[in-house]
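Spelled out from the first residue to the last, the chains are:
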Amino acid sequence: MLPTEPIGSIPRPAALIDGVRGFAAGRVSQPELDALYESAVKDTIQRLEATGSPVITDGEQAKHSFATYSIYGLENTAPDGMPISFADGHIRTFPRLTAGPFRYKTPADVYLGIAQRYAHVPLKQAVVSASALSLLYPRGGIRSYSREEYLDALIAEQEGEIRRCLKKGAHVVQMDFTEGRLSIKLDPTRRLLHSFIDLNNLVLERFSAEQRKRIGVHTCPGADRHSTHSADVDYAELLPSLFELQATNFYVQLASEPDRKRVLTMIRDRAKDWQRIFVGVIDPLNPRVETPEEVRDRALEAAEYIRPERLGTTDDCGFAPFSDDTSRTRETAFDKIRARVAGTALASAVLGLE
Amino acid sequence: MQDQRDAHEASLDRLHRRLRTLCQCTMTFFHAESEQELLQSVCEILVAGGEVRLAWIGYCEDDAEKLVRPVAQAGSGLDYLERVETSWGERETGQGPAGIAARTGKACCVDDIRTDPRFSPWRVAALARGYASCIAVPLMTDGKSRGAVDLRGTLNLYSAECNAFDESAIEHYTGLAMSVAYAVTALRGHLAEDLAHGVTAVRASAERKRAEEALHQAREELAHVTRVTTLGELAASIAHEINQPLAAIIADANACLHWLEADRPDLDSVREALAAVVKDGDRAAEVITRIRGLLARASVAHGPCDLARVIGDVLPLVRPELEQHGMTLKMSLAPDLPLVRGDRIQLQQVLLNLLVNAVEASREVPPERRQLIVHSTVEYRDDGRWAVIGVEDFGVGFREPEVARMFEAFYTTKPGGLGMGLSISRSIIEAHRGRLWATANVNHGATFRFALPEMR
């Protein structure tokens, strides 16, 4: 059977979104909010398991966003960091570090620990990449806390986070690297991309080859609401460098690509023999739920370029990487995941992998 | 006259429009949040200005093919850029305006695409899209100015008219390209450059750490090899040390068997002999345990370490060697030797090495000089108490010029010696924040001492 895994996030229940707003306004207490988080995690895991997905996540129900969960609430950050523009004109602003030392407030293994109370199938855990958090450090620098000191601390924090997730038994730890494609928009010379790759490799190199078999990297053009931040950047700019990352598993957005065969050709030519490619067969931005047959065909199309023993399927992106994103419903997300699981089973049968 | 006036006015109007367009381009420098946005805006503004039909910006790839890669484009016939290849190398596709501008750093103008031979590789595609003339101006920074990053590219403009780019146009667009390059540099500065510097520094630090760890591991392995070699030199003596109790055990066991065969066994004698068996067995086991400790390839483990115990561990291993060579051993140990922080096995190795060297140095001297003194003292220094261990012999000694070299790796006076013992011993002691040194005795022989600070 071809392996199939989700990326991470599922839209939050309306009650949780209201609860978070209420907490910010002082109407909801911390214990009440914690109960809402716990309830959302439990419900999400039950419903993900009901889709038949052999590997699940906690739907990132308690994360503020895929990129800022670990630093949310830190006193030494300000909300006025780097703006990230999306194609529909909306902007998400990254926080800015205001002082050292840098430490995570809530690393991903905390979320994993909560999810493990409810899960009956293997859990994967998404973590934000070091390269994304490198954007936290301000342009003008910080007095008495150099960029090198910050990067050192960041690498150590992420190493610890991944190591604890692996130790707790995460099926796989997935490093979210959506800024890879964005970096080419910010710097077409690709120097920024190369620095991102180098920085992430500094983290990955701290793990043994055996441990790296349980580490993956996710790339996509950054879906949020009904838009993306870098879908207009040609994959040809990213993929050759992407596979320089010292990870084993790659979760590559593909379903929404206009020319999938071209991307698959690039993957075939550029990925290393030991790297497994999970191709996106579900487009979370498209409100229409894919049929299992569509998924099957996309997986089989990928199998023409990538040997089945190195192939897996996934979603193009999380369904709500930012906690306040209500542009998709939970029901649609679960239906799409169910289609991915069923379609992957169909493709496996055709490939004789049952 | 009227024609001249009309031409003059048309020229003025064109100039006026161009300056307005350039002004709009300049405004985008202040608003663009990313390099891509900046480059794209410039292309779009230039096309909207009406003077050009196609505007694109290409970056020079520093690869084997030396391609000029389009990174922003606007205007009519954008598929032109997908169909043609432009290089800044020496081959044919590098002989067009973009290639020349990128190589020379100067603007290159093609007044008539139909006839200019430099444009022949792209002529058909260009004419099909209504381009009649073009200009490429360099988009460059040299990377030398403060905060700048290397940038090599071209701004390429195509007009529907022949001879569209006169002297003033060349000057204006060259100035614009310089400004764009400056703006790009400023935009990139905080991201790519700062991060690259930071990552490079962190990687250098990680690699330095990795190299130090590799060196440390190599030292440990070398120390292990040296320990094994030293023990190999002592093999005969150690075998003797184990054989003695084994022989006693066999003798006592045989005696027991004999006594037990009697009608009324002398159980008191049996009990006494068996107690001796246990004692000899323990003695042999102790020797083996010490050897196993020295042979183990265990990683260094620093902890509280009693140097008196280290001496007690090592002496039984060399005692048979001393006896074999007719050497006498004297001890002069301080009763209040402070505890030090260290790795017991490594410190045993150092002492063992000093003792074996002392035996070697005493082999050939007259019997009355075959003496070995192991002493320990406490020194009081500004930074606290130090434990000092000395090994003194009256052997062949050394000459003063040899002192500097004897701690060097691969320096040996022993036939077949590795020449690593003292070098490794000194690095071990220094890794313990201590000191190892040698002095020639006044009459005969030498004294080697190592000093270690009290554990805090």
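Residues numbered from 1 in each chain as written. Chains lettered and ligands numbered in written order. Predicted model: local features only at pLDDT ≥ 70, side-chain atom pairs only at ≥ 80, totals over all residues.

Novice: How should I be thinking about the packing of helix 1 (residues 14-24) of chain A against helix 2 (residues 30-50) of chain A in this particular structure?
Specialist: Packed helices, taken two at a time, are described by the angle their axes make and the gap between the axes. All names here are of chain A. At a closest axis distance of 10 Å, the pairing of helix 1 and helix 2 adopts a crossing angle of 160°. Classified by the angle their axes make, helix 1 and helix 2 are roughly antiparallel. The handedness of the crossing between helix 1 and helix 2 comes out as left-handed. Packed against helix 1, whose contacting residues are Ala15, Leu16, Gly19, Val20 and Phe23, the element helix 2 presents Glu32, Leu33, Leu36, Tyr37 and Ala40 at the interface. Looking at the contact of helix 1 with helix 2 residue by residue, the classes come out as 8 nonpolar, 1 polar and 1 charged. (Axes fitted to C-alpha atoms, helices over the stretch in contact; angles between N-to-C directions. Helix = DSSP H or I, 4+ residues; strand = E, 2+ residues; numbered from the N terminus. Parallel < 35°, antiparallel > 145°, perpendicular 65-115°, else oblique. Left-handed = near helix turned anticlockwise from the far one by under 90°. Contact = placed C-beta atoms within 7 Å. Nonpolar A, V, L, I, M, F, W, Y, C, P; charged D, E, K, R; others polar.)

Novice: What is the right way to look at the interface of chain A and chain B in this model?
Specialist: How big an interface is tends to be expressed through the accessible area that disappears when the partners come together. At the interface, 20 residues of chain A touch 20 residues of chain B. Here the side of chain A that touches chain B gets 6 residues from one element, more than from any other, and that element is helix 7 (residues 191-204) of chain A. Taken together, the residues of the side of chain A that touches chain B sort by class into 8 nonpolar, 4 polar and 8 charged.

Novice: For this particular structure, what's the right way to read helix 2 (residues 35-48) of chain B?
Specialist: Since one α-helical turn is 3.6 residues long, residues separated by three or four positions face the same way. All names here are of chain B. Given a rise of 1.5 Å per residue, 14 residues ought to cover 20 Å, and the 20 Å separating the end C-alpha atoms of helix 2 matches this to within 8%. Of all 14 residues in helix 2, 10 are buried, a share of seventy percent or more. Glu35, Gln36, Leu38, Leu39, Gln40, Val42, Cys43, Ile45, Leu46 and Val47 are the residues of helix 2 that are buried. Looking one or two residues beyond helix 2, the residue adopting positive phi is glycine 50, at roughly 95°. (Expected span 1.5 Å × (residues − 1). Buried ≥ 20, exposed ≤ 12 C-beta atoms within 10 Å, placed from the backbone.)

Novice: Help me understand the sheet that holds strand 1 (residues 54-60) of chain B, please; the structure alone is not making it clear to me.
Specialist: Backbone-to-backbone hydrogen bonds join strands into a sheet, with any given pair of strands oriented parallel or antiparallel. All names here are of chain B. In spatial order, the strands read 2-1-5-4-3; together these 5 strands make up an open sheet with antiparallel pairing. Each end of this open sheet is capped by a strand with a single partner; those strands are strand 2 (68-75) and strand 3 (108-110). Strand-to-strand twist across the sheet, computed as the mean angle between neighbouring axes with direction ignored, equals 15°. Where strand 3 lies against strand 4 (residues 133-141), 3 bridges are found, and the strand directions are antiparallel. The residue of strand 4 that forms the bridge with cysteine 109 is isoleucine 135. (Pairing = 2+ DSSP bridges.)

Novice: Explain the pairing of strand 5 (residues 151-159) of chain B to me, please; I cannot follow it from the model alone.
Specialist: Along a regular strand, successive side chains alternate from one face of the sheet to the other. All names here are of chain B. Of all 9 residues that make up strand 5, 9 are buried, and the element is covered over most of its length. By the alternation rule, side chains of strand 5 split into Leu151, Gly153, Leu155, Leu157 and Ser159 and Arg152, Thr154, Asn156 and Tyr158, which are all buried. In the sheet, strand 1 pairs with strand 5 via 6 bridges, with the strands oriented antiparallel. When the sheet's bridge partners are listed, tyrosine 59 is paired in strand 5 with glycine 153. For strand 4 and strand 5, the ladder comprises 9 bridges, and the chain directions are antiparallel. Note on strand 5: the bridge partner recorded for threonine 141 is leucine 151.

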